[in-house]
Amino acid sequence: MSRYSFGQFVEISKPNIYLSIYRGFLQIYQKKEFLGKVPLDDILGLVITGHGCSHSSHVLTALTDRNIPVSICGSNFIPKTLILPIVGNGKQSMRMRSQFCIKKPLKKRLWKQIVQLKLKNQAAVLKEYGLPYEALFRMSSLVKVGDPSNLEAQGARRYWKALFTKNFKRDAEKTGVNAMLNYFNIQNYFYFKGFLDMEILL
């Protein structure tokens, strides 16, 4: 786990970016202008949201050699392609098989924990902005195994209306504010975490 204890996710959001590798660094260019570089050993994941990003197979090989996943997103910021390294020592396939074989009771307990944390985090955001947060915080303590009351969805409705306006409706397929929220939604976060930190869940 020490490999993933430190580092950062790198997002390429500008259009027409060119990526290259040089002496252990991911280098970033735009129309031949050098924008910056990031040490490969500091990268946990690469997310490409900008249109027209280009790179060579050498870039992908260098990333996968360090077990760095690459996510390519569409115009609505939802991942369309996920490039995952193949770990030669069998650990990755073992962890994936273990996750696929998780029994239903454990899945329900894990979902309860995820929903509780989501509600608590949403409450913390509202509190930070001086908005009513108490209801969401109380809901987090009411979540049962498997969330049969669907408090996750109830909390989401409260959260988005409190954070934006009463007329706001979360829709991953829409543009504007909705599109900007997609990359950071809980589903994509745990999708990445599921591949990087599988032993946490097992």
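Residues numbered from 1 in each chain as written. Predicted model: local features only at pLDDT ≥ 70, side-chain atom pairs only at ≥ 80, totals over all residues. Heavy atoms only, no water.

Considering the overall build of the chain
- Each helix and strand counted, the chain has eight helices and seven strands in total.
- A buried classification covers 35% of the 202 residues belonging to the chain.
- A fraction of 54% describes how many contacts in the chain between residues 6 or more apart in sequence connect residues 24 or more apart. (Helix = DSSP H or I, 4+ residues; strand = E, 2+ residues; numbered from the N terminus. Buried < 20%, exposed > 50% of the residue type's maximum accessible area, 1.4 Å probe, protein only. Contact = heavy atoms within 4.5 Å.)

Concerning the sheet that holds strand β3 (residues 25-30)
- The three strands lie next to each other as β2-β3-β4, forming an open sheet whose pairing is antiparallel. With one partner strand each, in any of the chains shown, β2 (17-22) and β4 (33-39) form the two edges of the open sheet. Taken pair by pair, the neighbouring strands of this sheet meet at an average axis angle of 25 degrees, ignoring direction.
- Here β3 pairs with β4 via six bridges, running antiparallel. Among the inter-strand pairings, Q30 is bridged to a residue of β4, identified as E33.
- Strand contacts of helix α1 (residues 57-65): β2 and β3, with the helix running at about 60 degrees to β2, the strand carrying the most contacts. (Pairing = 2+ DSSP bridges. Axes fitted to C-alpha atoms, helices over the stretch in contact; angles between N-to-C directions.)

Section: the sheet that holds strand β6 (residues 70-73)
- Here we have four strands laid out as an open sheet, ordered β1-β5-β6-β7, and mixed in their pairing. Among the strands making up the open sheet, the edge pair consists of β1 (8-12) and β7 (79-83). Adjacent strand axes in the sheet meet at a mean angle of 20 degrees when their direction is disregarded.
- Where strand β5 (residues 43-48) and β6 come together, three bridges link them in parallel fashion.

Structural notes on the environment of L110
- Here L110 is to be found in helix α3 (residues 104-128).
- The buried category is assigned to L110, whose relative accessible area is 15%.
- On a C-alpha basis, the gap between L110 and G146 in space is 8.1 Å, while along the polypeptide they are 36 residues apart.

Brief notes about the packing of α3 against helix α5 (residues 151-163)
- Relative to each other, α3 and α5 sit at 15 degrees, their axes nearing to 10 Å. Taken together, the axes of α3 and α5 lie roughly parallel to each other. Relative to α5, the crossing made by α3 is left-handed. Mapping the contact onto sequence places W111, V115, K118, L119, Q122, V125 and L126 in α3 and L151, E152, G155, A156, Y159, A162 and L163 in α5.
- When the residues that make up the contact of α3 with α5 are grouped by side-chain class, the tally is ten nonpolar, two polar and two charged. (Parallel < 35°, antiparallel > 145°, perpendicular 65-115°, else oblique. Left-handed = near helix turned anticlockwise from the far one by under 90°. Nonpolar A, V, L, I, M, F, W, Y, C, P; charged D, E, K, R; others polar.)

Focus: a positive patch on the surface
- A surface patch of like charges, here positive, comprises R157, K161, K169 and K174.
- Here R157 lies in helix α5. (Patch = residues over 30% accessible without salt bridge, like charges linked within 9 Å, V, L, I, M, F, W, Y side chains within 5 Å. Areas by Shrake-Rupley, 256 points an atom, 1.4 Å probe, with all protein chains shown as cover. Salt bridge = Lys/Arg side-chain N within 4 Å of Asp/Glu carboxyl O. Lys, Arg positive; Asp, Glu negative; His and termini not counted. Charge placed at Lys NZ, Arg CZ, Asp CG, Glu CD.)

Let's talk about the pattern of salt bridges
- Tallied over the full model, the rule gives two salt bridges.
- Between D41 and R66 there is a salt bridge; the shortest N-O distance is 3.1 Å. Highlighted residues: D41 in the loop between β4 and β5 and R66 in the loop between α1 and β6, separated in sequence by 25 residues.
- Take D41: its relative accessible area is 56%, and that puts it in the exposed class.
- Between E152 and K118 there is a salt bridge; the shortest N-O distance is 2.5 Å. On the criterion of sequence distance, the pair formed by E152 in helix α5 and K118 in helix α3 is long-range, its members being 34 residues apart.
- Note on K118: relative accessible area 15%, which makes it buried.

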